[in-house]
Amino acid sequence: MKKIGFTALMFFAMFLFIFPQWGQAAAGSTSIYLDGKALELPKNGEVQNVNGNVMIPIRVVVEELGFVVDWDKKTRTITIQQSDTQLKLVVGQSTALVNGTKVKLAAAPKLVSDTTIVPLRFVGEQMGLTVTWDNVKKSAHLITPNSGSGNGTGSGENAGGGNEEQTPDPVPDPTANLANVGGISFSDNRLMIAVDKNVKPSIFTMAGPDRIVIDLPNTKFADTFSNNLMLDQTQNGYFDVTEYPDVSKVRYALFDDQPSTIRVVLDMNYTKKYELINNNDGLIIVNLNTESSTPGTAPGGNGKKLVVIDAGHGGSDPGAISVTKKKEKDFNLAVVLKVQELLKQESDIDFVLTRSSDTYPTLQDRVKIANDLKADIFISVHANAGSATASGVETYYTRSESLSLAKVMHKYLVQSSGLSDRGVRSKSLHVTRETKMPAVLLECGYLSNKNDNAVLYTEDFQDRVAEGVVKGIKEYLGLN
Ligand SMILES: [Zn+2]
């Protein structure tokens, strides 16, 4: 089978017409990975599990898997075409046609709020993908087959040669027996490596800085690997991890050629226990969600205090919008990154950021990070918005055990910001309520106020507030 990649734009408008409810937001709990890379799924609950069968909207089949799909409204028939395979499914019918031959379906396609959903495993497998289901994680993994010989469509390698014609290569390909690494991803504090053959990984840790190293003997990068992930000419690449505090970066490289070995390295922020899961099902998993970290080396476990710093909002959530159309999330992050730089110089404090770039961890994620790590304190940085005349700083807390932290942090917030003191306030906010340690939320000024807004985005103001935050942390923790 050829690599997946062509899309069907001409059907796109039609689907928008057929599926007008597309785009409504609601949480979906199922994840689908293609060669280890998470697919963009609709957030309106249309990915469903029907009697153990994952059902996906046709739009996912078109846009994410790249198959050509046709929909006949009258007969409610879905035709899915890829290379030389044609599937015909009918809404409500539990048999399908595969190239004209009847095949029984585990689950019939159905209509869900004007969207037709089809069984993922059936469509995937008929189209040549390997489909596995992780019941614990409620996630499906699709692995594209290895085209192996590298003569896929459109490679353009054979100058003057047509794609139709393949001249057999008389020289045995030494890489033919290698497993292809199709994709590497990191989500839910798990590293996932998609392979198309059984691989016996070896895994070990290195210190200074902390790393977890996974060697994959007899492997090479799949031809399609660089479609999704960075891979330079020396067969090296990496991606940053920002959503999970344990890991800062995932690096991968063709490490050795005798035998050909891909090495994947997790750059850790601290030592962490891990669990290697390799069921020879096309997916190698390194799970960092094991119960406890190595004693004495986890943050805060070495006599140091652990502080979780939370830059409010982020990613799709801009927070408040200022009078000059600046976004609160950018202010919050700028201050938190400055706090980070200052905390790096404090030998008695370990810290974890809930985000260090423009991403959106949910409020639950933020709380979970702090609670899982048993942080000593939690500090969330925000800026406020309200009436045009409201100006100044506020410190919020919810649980009474947070009051003394709130008082200390507020003292320094007022001092460092130079803005008017609007007081320490009690309010039921998710991150200060659900955390299990003293937790406060700082509102560092009003973006709706012309004067506050004019200073909030200055380097000087942000430096001062960051210093104030660190002073407050140190005073509260008795580290002065
Ligand atoms: Zn906010």
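Above: the structure in question.
The structure reproduced in this document is the subject of the present report. (Residues numbered from 1 in each chain as written. Predicted model: local features only at pLDDT ≥ 70, side-chain atom pairs only at ≥ 80, totals over all residues. Heavy atoms only, no water.)

## Observations regarding the packing of aromatic side chains
Argument step 1. If you walk through the whole model with that rule in mind, you get six aromatic pairs.
Argument step 2. When the ring of Phe221 is compared with that of Phe225, the centres are 4.6 Å apart and the planes differ by 50°; the resulting orientation is tilted.
Argument step 3. Note on Phe221: relative accessible area 7%, which makes it buried.
Argument step 4. Each ring, one from Phe331 and one from Tyr457, has its centre 6.1 Å from the other, and the planes form 70°; the classification is edge-to-face. Taken together, the positions of Phe331 in helix H5 (residues 328–343) and Tyr457 in the loop between helix H9 (450–456) and helix H10 (459–476) put the pair 126 residues apart, joining distant regions of the chain.
Argument step 5. Residue class for Phe331 comes out buried when judged on its relative accessible area of 0%.
Argument step 6. Taken together, the aromatic side chains of Phe221, Phe225, Phe239 and Tyr252 make up a single cluster linked through ring pairs.
Argument step 7. Between Lys249 and the ring centre of Tyr238, over which it is positioned, the NZ or CZ distance is 4.6 Å. (Phe/Tyr/Trp six-rings, centres within 6.5 Å; stacked < 30°, edge-to-face > 60°. Buried < 20%, exposed > 50% of the residue type's maximum accessible area, 1.4 Å probe, protein only. Helix = DSSP H or I, 4+ residues; strand = E, 2+ residues; numbered from the N terminus. Lys NZ or Arg CZ within 6 Å of the ring centre and 35° of its normal.)

## Points about the sheet that holds strand E3 (residues 48–50)
Argument step 1. One open sheet holds the four strands; their spatial order is E3-E4-E11-E10, and the pairing between them is antiparallel. The open sheet has two edge strands, E3 and strand E10 (110–112), and neither has a second partner. Taken pair by pair, the neighbouring strands of this sheet meet at an average axis angle of 40°, ignoring direction.
Argument step 2. Both E3 and strand E4 (residues 53–57) contribute to a ladder of three bridges, which runs antiparallel. By the bridge assignment for E4, Asn49 is matched with Val54. (Pairing = 2+ DSSP bridges. Axes fitted to C-alpha atoms, helices over the stretch in contact; angles between N-to-C directions.)

## Details of the coordination of the zinc ion
Argument step 1. Taken together, His313 (NE2), Glu328 (OE), Glu328 (OE) and His382 (ND1) make up the protein donors of the zinc ion, found 2.1 to 2.7 Å from the metal.
Argument step 2. Linear spacing of the donor residues for the zinc ion on their chain is H-x14-E-x53-H. Separated by 69 residues along the polypeptide, His313 in the loop between strand E24 (305–311) and H5 and His382 in strand E26 (residues 377–384) bring together distant segments of the chain.
Argument step 3. By relative accessible area, which is 19% here, His313 ends up buried.
Argument step 4. Of the residues examined, His382 reaches a relative accessible area of 10% and is grouped as buried. (Donors = N, O, S within 2.8 Å, 3.2 Å for Na, K, Ca; no water.)

## Things to note about H10
Argument step 1. A rise of 1.5 Å per residue sets the reference length of H10, with its 18 residues, at 26 Å; its end C-alpha atoms lie 26 Å apart and thus fit the reference within 8%.
Argument step 2. Of all the residues in H10, the buried ones are Phe461, Gln462, Val465, Ala466, Gly468, Val469, Val470, Gly472, Ile473 and Lys474.
Argument step 3. Gly478 sits one or two residues past H10 and shows a positive phi near 70°. (Expected span 1.5 Å × (residues − 1).)

## Brief notes about the pairing of strand E21 (residues 260–268)
Argument step 1. Burial runs high along E21: nine of the nine residues are buried.
Argument step 2. Every second residue of E21 is oriented toward a common face, with Ser260, Ile262, Val264, Leu266 and Met268 on one face and Thr261, Arg263, Val265 and Asp267 on the other, all of them buried.
Argument step 3. Summarising the sheet, strand E17 (residues 211–217) and E21 pair through seven bridges and their orientation is antiparallel. When the bridges of E21 are listed, Leu216 appears paired with Ile262.
Argument step 4. Hairpin remark: strand E20 (residues 247–257) followed by E21, antiparallel, with two residues in the connecting loop.

## Regarding the side chain of Lys272
Argument step 1. Position of Lys272 relative to the elements: it lies in the loop between E21 and strand E22 (275–278).
Argument step 2. Owing to a relative accessible area of 10%, Lys272 belongs among the buried residues under this scheme.

## Comments concerning unusual backbone geometry
Argument step 1. One non-glycine residue, Asn218, lies in positive phi territory at about 60°.
Argument step 2. Along the chain, Asn218 turns up in the loop between E17 and strand E18 (219–221).
Argument step 3. Positive phi, close to 50°, is recorded for Lys374, a residue that is not glycine.
Argument step 4. Judged by its relative accessible area of 67%, Lys374 is exposed.

## A look at the packing of H5 against H10
Argument step 1. Their axes nearest at 8 Å, the elements H5 and H10 cross at an angle of 55°. As summarised for this structure, H5 and H10 are arranged oblique, according to the angle between their axes. With respect to the hand of their crossing, H5 and H10 are arranged in right-handed fashion. Between H5 and H10, the residues in contact are Phe331, Ala334, Val335, Lys338, Val339, Leu342 and Leu343 and Glu459, Phe461, Gln462, Asp463, Val465, Ala466, Glu467, Val469, Val470 and Ile473, respectively. (Parallel < 35°, antiparallel > 145°, perpendicular 65-115°, else oblique. Left-handed = near helix turned anticlockwise from the far one by under 90°. Contact = heavy atoms within 4.5 Å.)

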